[in-house]
Amino acid sequence: MSLTPEQISFWETNGYLIVPNIITTEEAETYRRIYDQFLDNTIDTGANRSDLGAGLGDSKARENITQIMWPSDFVPEVLSMPYHQKALTIARLLMGEDIAMDFDMLINKAPFTNTPTPWHQDAAYWIDMPDKRAASCWLALDEATVDNGCMWYVPASHLKPVRPHHFAGKQGGALTCDAYEAEGVAVELPAGSCVFHHGGTLHYSRGNSTGSQRRAFIVNFRPQAMIELERQKGFDHGRSGGATDRKVRNEDFK
Ligand SMILES: O=C(O)CCC(=O)C(=O)O
């Protein structure tokens, strides 16, 4: 994998970057097979599975937005498969050789669940870290469209302070802040393509109003030293306690 200077400059300026075809069509099929074993609970993820859209929708599905933390803890083979390997290579090209995987997660929008992921910046979920380099790679395993919930980004928002966040629902769950589609750009992707976004980049997705799944496999990267700092402070992105890492962290923002 390699990136052009233009791609790196786009990332630095806009806080996101599309990488087409990070995996092949055949590989995407393999990932979808694994993914469906998570969705139908053949692979039981216990407290690592939760509803990111709790209190935000009223779909008949098990969750409004299915979120499964740390799939690679349940299927460690994925760590040596092409997606994690190539995404790490790209993350290092974007941010430096000291970058490592912090965590991975699955976010699925089941058919007709119609629940937007509220506008937020990932940094709002995390403890404050002296080194702010961080990127998530969002891989589409189904074609991602505006109607089934592709990602939207506010370009260059990673260069500005994190906006104040609050819980989107009445009883916790997802965080959100004030932001609007008019500020953003929609990133539609074919299956097998991905988009990287910086930890400070504002993003959101509409609900899935279509009759098929919108499966996304996300891997997050940051400097190894910052991962070690997080773990020292007991912060592991729900590895040990499900979704309990979800807190409003505005007080941490400097
Ligand atoms: O898949 C989504 O709708 C949201 C994903 C997201 O917020 C993220 O990857 O940080």
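Residues numbered from 1 in each chain as written. Predicted model: local features only at pLDDT ≥ 70, side-chain atom pairs only at ≥ 80, totals over all residues. Heavy atoms only, no water.

1. Observations concerning the overall build of the chain
The cut-off we apply is this: Think of it this way: any DSSP run of H or I at least four residues long counts as a helix, any run of E at least two long counts as a strand, and we number them from the N terminus. What the globule rule says is 2.2 Å times the number of residues to the power 0.38, and the radius of gyration is computed from C-alpha atoms. Relative accessibility under 20% of the residue-type maximum defines a buried residue, over 50% an exposed one, and the middle range a partly exposed one, all with a 1.4 Å probe and only protein chains included. Here a residue-residue contact requires only that any non-hydrogen atoms of the pair lie within 4.5 Å. In short, Shrake-Rupley with a 1.4 Å probe defines the accessible areas, and a residue's cover is counted only from the protein chains shown. His is not counted, nor are the chain ends; Lys and Arg add positive charge and Asp and Glu add negative charge. Think of each charge as sitting on NZ of Lys, CZ of Arg, CG of Asp or CD of Glu.
A tally of helices and strands in the chain yields 5 helices and 13 strands. Taken over the C-alpha trace, the chain has a radius of gyration of 17 Å; the compact-globule value for 254 residues is 18 Å, and the two agree within 12%. By principal-axis analysis of the C-alpha atoms, the chain measures approximately 40 × 40 × 40 Å. Across the 254 residues that make up the chain, the buried fraction comes to 56%. A sequence separation of at least 24 residues applies to 83% of the contacts in the chain between residues at least 6 apart. Total accessible area computed for the chain in this model is approximately 10,900 Å², and 53% of it derives from carbon and sulfur atoms. Once the 24 positive and 33 negative side-chain charges of the chain are each reduced to a mean point, those two points are 4 Å apart.

2. Looking at the packing of aromatic side chains
Aromatic rings in a pair are described by how distant their centres are and how their planes are angled relative to each other. The cut-off we apply is this: Any Phe, Tyr or Trp ring, taking Trp's six-membered ring, that has another such ring centre within 6.5 Å forms a pair; planes under 30 degrees apart are called stacked, those over 60 apart edge-to-face, and the others tilted.
Taken as a whole and assessed by the stated rule, the structure comprises 8 aromatic pairs. Both rings, one in Phe-38 and one in Phe-74, keep their centres 6.5 Å apart while their planes meet at 85 degrees; by these two values the pair is edge-to-face. One end of the pair, Phe-38, is in helix α2 (residues 25-39); the other, Phe-74, is in helix α3 (residues 71-74), with 36 residues separating them in the sequence. Each ring, one from Tyr-83 and one from Phe-217, has its centre 5.5 Å from the other, and the planes form 65 degrees; the classification is edge-to-face.

3. Regarding the pattern of salt bridges
What counts here: Between Lys or Arg on one side and Asp or Glu on the other, a salt bridge is scored when a side-chain nitrogen of the former is within 4 Å of a carboxyl oxygen of the latter.
Summed over all chains, the structure comprises 16 salt bridges. With a closest N to O distance of 2.6 Å, Arg-222 and Asp-102 form a salt bridge. Taken together, the residues span a long stretch of sequence, with Arg-222 in strand β13 (residues 214-223) and Asp-102 in strand β4 (residues 99-109) at a distance of 120 residues. Here the residues in one salt-bridge network are Asp-102, Arg-222, Glu-230 and Arg-231, joined through shared partners.

4. Describing the site of the ligand
Put simply, the test is: Any residue with at least one heavy atom within 4 Å of a molecule or strand is counted as near it. Here a polar contact is recorded for every N or O atom pair within 3.5 Å, except that within protein the pair must consist of a potential hydrogen donor and a potential acceptor, and residues adjacent in sequence are included only if both atoms are side-chain atoms. We call Asp, Glu, Lys and Arg charged. Ala, Val, Leu, Ile, Met, Phe, Trp, Tyr, Cys and Pro are nonpolar, and the rest, Gly among them, are polar.
Taken together, 13 residues sit near the ligand, with Thr-117, Trp-138, His-203, Ser-205 and Arg-214 positioned nearest. His-203 is positioned such that a nitrogen or oxygen atom in its side chain is 3.0 Å from an oxygen atom of the ligand. With the chains in place, 98% of the 290 Å² that the ligand exposes on its own is no longer accessible. For the shell around the ligand, the elements supplying multiple residues, two or more each, are β4, β5 (117-120), β12 (203-205) and β13. A per-element tally of the shell around the ligand places β4 first, with 3 residues. Classifying every residue of the shell around the ligand by side-chain character gives 5 nonpolar, 5 polar and 3 charged.

5. Topic: the nonpolar core
The cut-off we apply is this: For the purposes of this section, nonpolar cores are sets of buried Ala, Val, Leu, Ile, Met, Phe, Trp, Tyr and Cys residues that join through side-chain atoms within 4.5 Å.
Among the nonpolar cores identified, the biggest contains 38 residues, and Trp-119, Trp-126, Trp-138, Leu-189 and Val-195 are the most heavily contacted of them. Within the residue set of this core, elements represented by two or more residues are β4, β6 (135-140), β7 (151-153), β9 (172-176) and β13. For Trp-119, the contacting residues outside a window of four places in its chain are Trp-152, Val-154, Leu-175, Thr-176, Cys-177, Ala-179, Tyr-180, Glu-181, Leu-202, His-203 and Tyr-204. Counting 35 residues, the second largest nonpolar core, distinct from the first, contains Leu-3, Leu-88, Leu-106 and Leu-141.

6. Digging into the pairing of strand β8 (residues 166-169)
Note the cut-off: Strand pairing is assigned whenever DSSP identifies at least 2 bridges connecting the two strands.
Taken together, the 3 bridges between β8 and β9 define a ladder with antiparallel strand orientation. If you follow Phe-167 over to β9, its bridge partner there is Leu-175. From the end of β8 to the start of β9, which pair antiparallel, there are 2 residues.

7. Examining the environment of Gln-67
Turning to its location among the elements, Gln-67 is positioned in strand β3 (residues 66-69). Put simply, Gln-67 and Thr-25 are 42 residues apart on the chain and 24 Å apart in space, counted from C-alpha to C-alpha.

8. A short note on unusual backbone geometry
A negative phi angle characterises most non-glycine residues, just as the trans form characterises most peptide bonds. The phi dihedral of Asn-21 is positive, around 50 degrees, even though this residue is not glycine. The backbone of Asn-41 shows a phi angle near 70 degrees, a positive value even though the residue is not glycine.

9. Side note on the sheet that holds β4
Hydrogen bonds between backbone atoms are what pair the strands of a sheet, whose relative direction is either parallel or antiparallel. Formally: Between N-to-C directions, angles cover 0 to 180 degrees, with each direction set by a line fitted to C-alpha atoms, over the stretch in contact for helices.
Pairing within the open sheet is antiparallel, and its 7 strands lie in the order β1-β11-β6-β13-β4-β3-β2. Pairing within the sheet leaves two strands with one partner each, and these edge strands are β1 (16-19) and β2 (49-51). Across this sheet, the average inter-strand angle for adjacent strands is 25 degrees, counted without regard to direction. Strands in contact with α2 are β2, β3, β4 and β13; relative to β13, the strand with the most contacts, it is inclined by about 100 degrees. Strand contacts of helix α4 (residues 82-95): β1, β4, β6, β11 (194-198) and β13, with the helix running at about 45 degrees to β13, the strand carrying the most contacts.

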